[in-house]
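Remarks on the overall topology
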Amino acid sequence: MLEVGAYCGLFMQEAEKQGWQVEGVEPSHWAAGQAKAAGLVVHQGTLEASMDAIEGGHDAIVMWDVLEHLADPMAELKRLGQLLDDDGVMCFSTLDLDTWFPRLMGHRWPWIMDMHLFYFGHDVTEDMLRRAGFKLVADMPYRHYASLDYFFEKVAAMLPPPLSKVVGFFKILAPKWIFVPFHFGDVRLFVCRKAK
């Protein structure tokens, strides 16, 4: 398995526990160092810069919340196709503008950030996959987990100031060790294979 955007390697460690042989790619020098210190095989840099060091034929490639950060998402998808075995599976999550939550929140949608270079609608994502040589097998809402205090912080940021202060009070009281699942349908998980 190859993880693109491996960060500190937490997903890689979980995959290894399930019997996968894993390697990762991570642009952050610090995060790649943390993953390497944990004994993981991580190529520090971009996927493009790491292509010569990575052998093809992966059974699975995963990429969590990465596509929206890339300067050329289509080129990245094509590179992933080169590294995936013909019978392999690629799974990734990314933003989906074609849902109720971004439309309702408008400029207060929490995923509007400078580090997000692209925002995709479902049709655009599906078309990019097709043009990059993939067939979409499944897509579904992607569930995030966050500490309760982080969850309240993000909710407060989306609300107008009077309500924001009320929710901010709950953030102060919320324990950092409680994690909650949440999804609003605006981040989706895509599962695909190479098109035959």
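So, here is what we can say about the structure in this document. (Residues numbered from 1 in each chain as written. Predicted model: local features only at pLDDT ≥ 70, side-chain atom pairs only at ≥ 80, totals over all residues. Heavy atoms only, no water.)

1. A word on the environment of Val 25
Put simply, the rule reads: Secondary structure elements are taken from DSSP: a helix is a run of H or I of four residues or more, a strand is a run of E of two residues or more, and numbering for both begins at the N terminus. Buried means the residue's accessible area, taken with a 1.4 Å probe over protein chains only, is under 20% of the maximum for its type, while exposed means over 50%, and partly exposed covers the values in between. Contact between two residues is taken to exist if any of their heavy atoms lie within 4.5 Å; hydrogens are not considered.
Following the sequence through the fold, Val 25 ends up in strand β2 (residues 23-26). Judged by its relative accessible area of 2%, Val 25 falls in the buried class. Taking the C-alpha atoms as reference points, Val 25 and Leu 70, separated by 45 residues in sequence, lie 14 Å from one another. Sequence-distant contacts of Val 25, that is, excluding residues within four places in its chain, are made with Leu 2, Glu 3, Val 4, Gly 5, Ala 6, His 43, Gly 45, Thr 46, Leu 47, Ser 50 and Ile 54.

2. Examining the packing of helix α4 (residues 73-83) against helix α6 (residues 122-131)
Packed helices, taken two at a time, are described by the angle their axes make and the gap between the axes. Operational definition: As a rule, the C-alpha atoms of each element are fitted with a line to give its axis, helices using only the stretch in contact, and angles between N-to-C directions run from 0 to 180 degrees. Should an angle fall under 35 degrees it is taken as roughly parallel, and over 145 as roughly antiparallel, whereas 65 to 115 is taken as roughly perpendicular and any remaining angle as oblique. Take the far helix as your reference; a near helix turned counterclockwise from it by less than a right angle gives a left-handed crossing, and one turned clockwise gives a right-handed crossing. Classification used: nonpolar for Ala, Val, Leu, Ile, Met, Phe, Trp, Tyr, Cys and Pro, charged for Asp, Glu, Lys and Arg, polar for all others including Gly.
Relative to each other, α4 and α6 sit at 45°, their axes nearing to 9 Å. Put simply, α4 runs oblique to α6. As for the relative orientation of α4 and α6, their crossing is right-handed in sense. Facing Pro 73, Met 74, Leu 77 and Lys 78 of α4, the residues of α6 in contact are Met 128, Leu 129 and Arg 131. In the contact of α4 with α6, the residues fall into five nonpolar, no polar and two charged.

3. A few points about α4
The element α4 is largely enclosed, with a buried count of eight among its eleven residues. Within the sequence span of α4, burial applies to Pro 73, Met 74, Glu 76, Leu 77, Arg 79, Leu 80, Gly 81 and Leu 83.

4. Quick notes on the pattern of salt bridges
For the record, the criterion: Salt bridges, as used here, are contacts in which a Lys or Arg side-chain nitrogen is within 4 Å of a carboxyl oxygen on Asp or Glu.
Counted according to the given criterion, the structure contains ten salt bridges. The salt bridge partner of Lys 196 is Asp 87, with a shortest N-O separation of 3.3 Å. Taken together, the residues Lys 196 in the segment after β9 (187-194) and Asp 87 in strand β5 (residues 84-95) connect sequence positions 109 residues apart. One salt bridge in this structure joins Asp 127 and Arg 131, with 2.9 Å as the shortest N-O distance. Here Asp 127 pairs with Arg 131, and both are found in helix α6, just four residues apart, close to one helical turn. By relative accessible area, Asp 127 is classed as partly exposed at 29%. For Arg 131, a relative accessible area of 49% corresponds to the partly exposed category. One connected set of salt bridges, linked through shared partners, spans Asp 96, Asp 139 and Arg 188.

Coordinates in, geometry out; function isn't part of it.
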